[in-house]
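What follows is the residue order along each chain.
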Amino acid sequence: MQLTTDELNKLSQLALQAAKISGEYIRGFDRSQLETHFKAAGNSQSAQVVTEVDFARQKIILDILQKSVEQYDLAVLSEENCSEAHAHLHPRLYKDYFWCIDPLDGTLPFIESGKGYAVSIALVSQKGQPIVGVIHHPPSNTSFHTHIGKDGITRGYKNGLALPPKSYDIELSTTSKQTFTFYSDRSFKSHPQYKPLVNQLTKLADQLGYQHVEIHELHGAVINALSVIEADSNNAACYIKLPKAEIGGGSLWDFSATACSRKSDQHMGE
């Protein structure tokens, strides 16, 4: 079943509601009472750690989305209820669309009382294309969502205001610019390619005329991606995850919503 533009926009608003309500829950949670658990996923602490908040927020989100699951025959993929052993049997492989949910991306920053965590919800097509995206950042009570216009163009919104068009063209310039920021996962510091990559990025930033290079390694994947999206015209940023042989790494729930939130000026279906 192909969903109409109106239906997709209604689902975007529903996901936004779910993300905000789960954000309210976490803002009222006493982290000093937090219980931490571990799951068999990946080989980094960030991939393995999970808290009671992850499960509670997942329930909040799924309860709100459940009616849409039944009405539109949607599948549900969430970080806290997936099983790699049975991935080939998951309903997302034969349903037209599926909700892709990370109830708490950046669990380690959350545990450490940092601010680099977020709620991420996306509606993804069977082909793996993000169609609707919603992100909520509880510490700042900031929300991002997508809306498809009558012209068929998907645009991203921050707290209800349209994100400005953004150029991704980087040109060599003799004009001095400000900061080039490299966002990475903290586990990447132990990767053998970490230092060579940082050296290459530092040289590139210098060639492009940036005065400073900063490295940020304390956020979850969603906030890393959002930070790149929000870099202004006087700055530049990138977020890099290299492939690895071990289980783990970037997942659908890490990037579906952020990829969709910056689809401004792209037609639905592209």
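Here the structure is a predicted model, which means the values were calculated and not measured.

Colleague: Can you explain the environment of Ala236? Please cite residues and give values.
Modeller: Mapped onto the elements of the fold, Ala236 is located in strand β12 (residues 236-239). Separated by 58 residues in sequence, Ala236 and Gln178 place their C-alpha atoms 8.4 Å apart. In this view, Ala236 contacts Thr179, Phe180, Thr181, Tyr210 and Ala231; residues no more than four positions away in its chain are not counted.

Colleague: Outline helix α5 (residues 194-207), supporting the account with residue identities and numerical values.
Modeller: Compared with the 20 Å implied by 1.5 Å per residue over 14 residues, the 20 Å span of α5 between its first and last C-alpha is a close match. For α5, the full list of buried residues reads Tyr194, Leu197, Val198, Leu201 and Ala205. Down the axis, α5 shows its buried residues gathered within 100° of arc, on one side only. In α5, the exposed positions angled more than 90 degrees off the buried face are occupied by Lys195, Gln200, Lys203, Asp206 and Gln207. Here the buried face of α5 lies against β10 (177-183), β11 (210-216) and β12.

Colleague: I'd like to hear about the nonpolar core, residue by residue, with values.
Modeller: Judged by nonpolar contacts, the single largest core of 24 residues is most densely connected at Leu65, Trp99, Ile121 and Leu123. If you list the elements that add at least two residues to this core, you get α1 (5-27), α3 (52-72), β4 (97-105), β5 (118-125) and β6 (130-137). A per-element tally of this core places α1 first, with seven residues. Beyond its immediate stretch of four places on either side in the chain, Trp99 contacts Leu11, Ala15, Leu65, Ser68, Val69, Leu74, Ala75, Val76, Leu77, Ile121, Ala122 and Leu123. Core analysis: the next-biggest nonpolar cluster, separate from the first, contains 16 residues, Ala75, Leu77, Ala122 and Trp253 among them.

Colleague: Outline the pattern of salt bridges, listing residues and values.
Modeller: Applying the stated criterion across every chain, the model contains seven salt bridges. Two residues, Glu230 and Lys158, come together in a salt bridge whose shortest N-O distance is 2.8 Å. Here the residue Glu230 occupies a position in the loop between α6 (221-229) and β12, and Lys158 occupies one in strand β8 (residues 153-158), the gap between them amounting to 72 residues. By relative accessible area, which is 28% here, Lys158 ends up partly exposed. The partner of Lys189 in a salt bridge is Glu217, with the nearest N and O atoms 3.8 Å apart. Of this pair, Lys189 sits in the loop between β10 and α5 while Glu217 is found in the loop between β11 and α6, placing the two residues 28 residues apart along the sequence.

Colleague: Could you give me a rundown of the packing of aromatic side chains, with the residues and numbers involved?
Modeller: The way to describe two aromatic rings as a pair is by their centre distance and the angle between their planes. A full pass over the atoms with the stated rule returns five aromatic pairs. Both rings, one in Phe180 and one in Tyr210, keep their centres 6.0 Å apart while their planes meet at 65°; by these two values the pair is edge-to-face. On the criterion of sequence distance, the pair formed by Phe180 in strand β10 and Tyr210 in strand β11 is long-range, its members being 30 residues apart. Relative to Tyr194, the ring of Phe188 has its centre 5.5 Å away and its plane inclined at 85°; by these criteria the two rings are edge-to-face. The pair formed by Phe188 and Tyr194 is uniform in burial state, with each residue classed as buried. Members of the aromatic cluster, each reached through a chain of ring pairs, are Phe182, Phe188 and Tyr194. Stacked on the ring of Phe98, the Lys or Arg Arg92 has its end atom at 5.8 Å from the ring centre.

Colleague: Got a sec to walk through the pairing of β10? Specific residues and values, please.
Modeller: The element β10 is largely enclosed, with a buried count of six among its seven residues. Here six bridges tie β10 to β11, and the two strands are oriented parallel to one another. The partner of Thr181 across the bridge, within β11, is Glu214. For the segment spanning β10, α5 and β11, crossover handedness is right-handed. In this sheet, β12 lies alongside β10 in parallel orientation, the contact comprising four bridges. By the bridge assignment for β12, Phe180 is matched with Ala236.

Colleague: Describe the sheet that holds β12, listing the residues and the values that go with them.
Modeller: Pairing in this open sheet of three strands is parallel, and the strands run β11-β10-β12 from one edge to the other. Where the open sheet ends on each side, the last strands, each with one partner, are β11 and β12. Taken pair by pair, the neighbouring strands of this sheet meet at an average axis angle of 15°, ignoring direction. Each of β10 and β12 touches α6; the most contacted strand, β12, lies at about 150° to it.

Colleague: Got a sec to walk through the environment of Gly156? Specific residues and values, please.
Modeller: The topology assignment puts Gly156 in strand β8. Looking at Gly156, the relative accessible area reads 1%, which means it is buried. Sequence separation of Gly156 and Val134 is 22 residues, and the distance between their C-alpha atoms is 9.2 Å.

Cut-offs used in this document
- Residues numbered from 1 in each chain as written.
- Predicted model: local features only at pLDDT ≥ 70, side-chain atom pairs only at ≥ 80, totals over all residues.
- Heavy atoms only, no water.
- Helix = DSSP H or I, 4+ residues; strand = E, 2+ residues; numbered from the N terminus.
- Contact = heavy atoms within 4.5 Å.
- Expected span 1.5 Å × (residues − 1).
- Buried < 20%, exposed > 50% of the residue type's maximum accessible area, 1.4 Å probe, protein only.
- Arc of directions from axis to C-beta.
- Core = buried A, V, L, I, M, F, W, Y, C linked by side-chain atoms within 4.5 Å.
- Salt bridge = Lys/Arg side-chain N within 4 Å of Asp/Glu carboxyl O.
- Phe/Tyr/Trp six-rings, centres within 6.5 Å; stacked < 30°, edge-to-face > 60°.
- Lys NZ or Arg CZ within 6 Å of the ring centre and 35° of its normal.
- Pairing = 2+ DSSP bridges.
- Right-handed = clockwise from strand over helix to strand, strands pointing away.
- Axes fitted to C-alpha atoms, helices over the stretch in contact; angles between N-to-C directions.

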